[in-house]
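A structural walkthrough
Listed below are the residues making up each chain.
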Amino acid sequence: MKIGVVGAGIGEMAVALRLVMRGHDVTVLEKNGRPGGKLSEIRRGGFRFDTGPSLFTLPQQMEELFNLAGKELADYLPYRLLPVNCRYFYPDGAEFSFYHDKEQLVKEIQ
């Protein structure tokens, strides 16, 4: 079956990969000059700025996609789990730590 996927963001690329691995003939259509959608960057004046997500929250889903393609995620995107996923800083001086550990996160929310 021939299938067209509109857009080349991370979600669309994941769908395209799954369809290809099921034997479909897939064409990905993207209006921008390169794939990635929000997973992109801007380079200006010798600096690099990420324009995409600030958190990598579901590595198991990325691992599943790479495994479908017969690849290892760590070969392309090495990462390690940190106890604090990110910290938010507010104008009033308040801080919020988003802990990986659910019990710590619940305490932080309380």
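Structure first, text after, so check above.
Attention here is on the structure that accompanies the text.

Conventions we followed
- Numbering of residues begins from 1 in every chain and follows the order in which that chain's sequence is written.
- In keeping with the model being predicted, local features are shown solely for residues with a pLDDT of at least 70 and side-chain atom pairs are shown and tallied solely at 80 or more, while totals for entire chains, interfaces and linings include all residues.
- Working from all heavy atoms in the structure, the side-chain values ignore hydrogens and water.
- Strands are runs of DSSP state E lasting at least two residues, helices are runs of H or I lasting at least four, and both sets are numbered from the N terminus onward.
- Atoms counted for the radius of gyration: C-alpha only. Globule rule: 2.2 Å times the number of residues to the power 0.38.
- Burial status follows relative accessibility: with a 1.4 Å probe on protein chains alone, a residue under 20% of its type maximum counts as buried, one over 50% as exposed, and anything between as partly exposed.
- The contact criterion used is simple: two residues touch if any of their non-hydrogen atoms lie within 4.5 Å.
- All tallies of charge rest on Lys and Arg as positive and Asp and Glu as negative; His and the ends of each chain are not included.
- Charged side chains are reduced to one point each, which is NZ for Lys, CZ for Arg, CG for Asp and CD for Glu.
- Angular values range over 0 to 180 degrees, each being the angle between N-to-C directions of two axes fitted as lines to C-alpha atoms, with helices fitted over their stretch in contact.
- Handedness of a crossing follows from how the near helix is turned relative to the far one, being left-handed for an anticlockwise turn of less than a right angle and right-handed for a clockwise one.
- Side-chain classes are defined by residue name, with Ala, Val, Leu, Ile, Met, Phe, Trp, Tyr, Cys and Pro counting as nonpolar, Asp, Glu, Lys and Arg as charged, and the others, Gly among them, as polar.
- Arc definition: directions from the helix axis to the C-beta atoms.
- A strand pair is defined by DSSP finding two or more bridges across the two strands.
- Crossover handedness is defined here as right-handed if the route from the first strand over the helix to the second strand goes clockwise, with the strands pointing away from the viewer.
- Contacts described as polar in this section are N or O atom pairs within 3.5 Å, which, within protein, must combine one atom able to donate a hydrogen with one able to accept it, while residues neighboring in sequence count only if both atoms come from side chains.

This part takes up the overall build of the chain. Counting its regular elements, the chain contains four helices and six strands. Helices and strands in the chain line up, N terminus first, as β-α-β-β-β-α-α-β-β-α. At 18 Å, the chain has a C-alpha radius of gyration far larger than the 13 Å of a compact globule built from 110 residues. Each principal axis of the C-alpha atoms in the chain carries an extent, and together these give about 55 × 40 × 25 Å. Out of the 110 residues belonging to the chain, those deemed buried represent 16%. In the chain, the share of contacts with a sequence separation of at least 24, taken over all contacts with a separation of at least 6, comes to 20%. With 14 positive and 14 negative side-chain charges, the chain shows a separation of 6 Å between the mean positions of the two kinds.

Packing of helix α1 (residues 10-21) against helix α2 (residues 59-68) brings their axes to within 10 Å, and their N-to-C directions diverge by 35 degrees. Taken as a pair, α1 and α2 cross one another with a handedness that is left-handed. Contact with α1, carried on its side by Ile-10, Ala-14, Leu-17, Arg-18 and Met-21, involves Met-62, Glu-64, Leu-65 and Leu-68 of α2 and no other residues of that element. Of the residues contributing to the contact of α1 with α2, the split by class is seven nonpolar, no polar and two charged.

Attention now moves to α2. Residues of α2 that are buried: Pro-59, Met-62 and Leu-65. For α2, the angular spread of the buried residues around the axis is 120 degrees, confining them to a single face. Each element contacted by the buried residues of α2 is listed here: α1 and α3 (73-76). Phi turns positive, to about 75 degrees, at Gly-70, one or two residues after α2.

All right, on to the pairing of strand β1 (residues 2-6) then. Of the pairings in the sheet, the one linking β1 to strand β2 (residues 25-29) comprises five bridges and is parallel in character. Along β2, the bridge assignment pairs Lys-2 with Asp-25. Each parallel crossover has a hand, and the one from β1 via α1 to β2 is right-handed.

The next thing to look at is the environment of Thr-51. Looking at the element boundaries, Thr-51 is found in the loop between β4 (47-50) and α2. The spacing of Thr-51 and Met-62 is 11 residues in sequence and 19 Å in space, taken between C-alpha atoms.

Attention shifts here to the side chain of Ser-97. Residue placement: Ser-97 occurs in strand β6 (residues 95-99). Using a relative accessible area of 6% as the deciding quantity, one classes Ser-97 as buried. Here the side chain of Ser-97 touches Arg-87 through a polar contact of 2.9 Å, side chain to side chain.

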